[in-house]
Amino acid sequence: GRLRGYAQISRNMTQFKADQDRLAALTANLDAALNHMQQGLCLFTADEKLVLFNPRISKIFGITHETFPAGTSFPIMLRQALELRANVPVPDAAFAEALGRHRALMGKPEGGTMIVPYLSDYTLSITYSPTHNNGWVVTFDDITERREAERRIQHMALHDGLTGLANRIRYIQRLDLGIQEADIKQANVAVINIDLDRFKEVNDVHGHAVGDLVLVA
């Protein structure tokens, strides 16, 4: 037959293209934020299925997207983390107890945080935060240095900075405890005091630096 004509349908795609560009930029920004976070982050659905995790999680737990793809269940990931920490298979009873503690935080409307010693020199702060669709975000923060600093401060508060021996505060604490225990057990308490004769002369003649060495020795 003969061409009788044609119809042209046009559509302005300018707004659609602008929306697509904004979405791509937003996605790129979110990916950059996830990739550069100092915290590990996992996102789970309401039925405990993995949606995503960032590179920091891979570094902490030694997992990859190939071994733990989207859709992996939370219990499987938790068992992997526990066995990595213990370096042996985890008994079912111990695993069930750990899973219960984590799920208790997941079930709270406001979420929650737990502190977990991980490996021999690693301490993690794990925080669960609910999402609008009943899923949840879990973040893992390495607080090893902070905990070590807290331990150092606590030690400094109760020990002499030069000798490392218990200071006056710690001495009084231990003496009070000893007296209380003696009262309960109807026993006696003995206190031994040690004095250094002519120690002032060491400081006066040889200086405080030498006096410090004598105390340490």
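Residues numbered from 1 in each chain as written. Predicted model: local features only at pLDDT ≥ 70, side-chain atom pairs only at ≥ 80, totals over all residues. Heavy atoms only, no water.

A.B. asks: Explanation requested: the pattern of salt bridges in the structure shown.
C.D. replies: Oppositely charged side chains are able to pair whenever their charged atoms sit close together. Across all of its chains, the model carries six salt bridges by this definition. For R79, the salt bridge is made with E83, and the minimal N-O distance between the two is 3.7 Å. Of this pair, R79 and E83 both sit in helix α3 (residues 74–86), four residues apart, which is roughly one turn of that helix. Residue D204 pairs with K200 through a salt bridge whose shortest N-O separation is 2.7 Å. Of this pair, D204 and K200 both sit in helix α7 (residues 199–206), four residues apart, roughly one helical turn. As far as burial versus exposure is concerned, D204 and K200 are alike and both exposed. A cluster of three or more residues bridged by salt bridges with shared partners is formed by R79, E83 and D92. (Salt bridge = Lys/Arg side-chain N within 4 Å of Asp/Glu carboxyl O. Helix = DSSP H or I, 4+ residues; strand = E, 2+ residues; numbered from the N terminus. Buried < 20%, exposed > 50% of the residue type's maximum accessible area, 1.4 Å probe, protein only.)

A.B. asks: Where do I start with helix α4 (residues 92–106) in this structure?
C.D. replies: The terminal C-alpha atoms of α4 lie 21 Å apart, and with 15 residues this matches the ideal 21 Å at 1.5 Å per residue to within 8%. All of the buried residues along α4 are F95, A98, L99, H102, L105 and M106. Projection of α4 onto a plane perpendicular to its axis shows the buried side chains occupying an angular sector of 115°, all on one side. (Expected span 1.5 Å × (residues − 1). Arc of directions from axis to C-beta.)

A.B. asks: Explain the sheet that holds strand β3 (residues 112–118) to me, please; I cannot follow it from the model alone.
C.D. replies: The strands making up a sheet associate through backbone hydrogen bonding, with each pair oriented either parallel or antiparallel. Spatial strand order, β2-β1-β5-β4-β3: five strands in an open sheet with antiparallel pairing. Every other strand in the sheet has two partners, leaving β2 (50–53) and β3 as the edge strands with one partner each. Between one strand axis and the next, the sheet turns through 20° on average, direction left out of account. Pairing of β3 with strand β4 (residues 122–130) involves seven bridges; the strand directions are antiparallel. From the neighbouring strand, T113 faces β4, where its bridge partner is T127. Along the sheet, α3 makes contact with β1 (40–44), β2, β3, β4 and β5 (136–142), crossing β3 at roughly 35°. (Pairing = 2+ DSSP bridges. Axes fitted to C-alpha atoms, helices over the stretch in contact; angles between N-to-C directions. Contact = heavy atoms within 4.5 Å.)

A.B. asks: So what exactly am I meant to see when it comes to the layout of surface pockets here?
C.D. replies: Which parts of space are left empty comes out when a probe the size of a water molecule is rolled across the atoms. Approximately 710 Å³ is the volume found for the largest pocket. Taken together, 19 residues form the lining of the largest pocket, with L165, A166, Y171, I192 and I194 sitting closest to its centre. Mapped onto the lining of the largest pocket, the elements with two or more residues apiece are α6 (168–185) and α8 (208–216). The greatest single-element share of the lining of the largest pocket, amounting to five residues, is contributed by α6. In terms of residue class, the lining of the largest pocket is made up of 12 nonpolar, four polar and three charged. Here the second largest pocket is characterised by a volume of approximately 290 Å³. Forming the walls of the second largest pocket are 23 residues, and the residues nearest its centre are F61, L78, A81, H102 and F140. When contributions to the lining of the second largest pocket are tallied by element, the ones reaching two or more residues are β1, α2 (55–61), α3, α4, β3, β4 and β5. (1 Å grid on protein atoms, 1.4 Å probe; cavity = no way out; pocket = protein on both sides within 12 Å on 5 of 7 lines; lining within 4 Å. Points joined across faces, edges and corners; volume = space filled by probe spheres on them. Nonpolar A, V, L, I, M, F, W, Y, C, P; charged D, E, K, R; others polar.)

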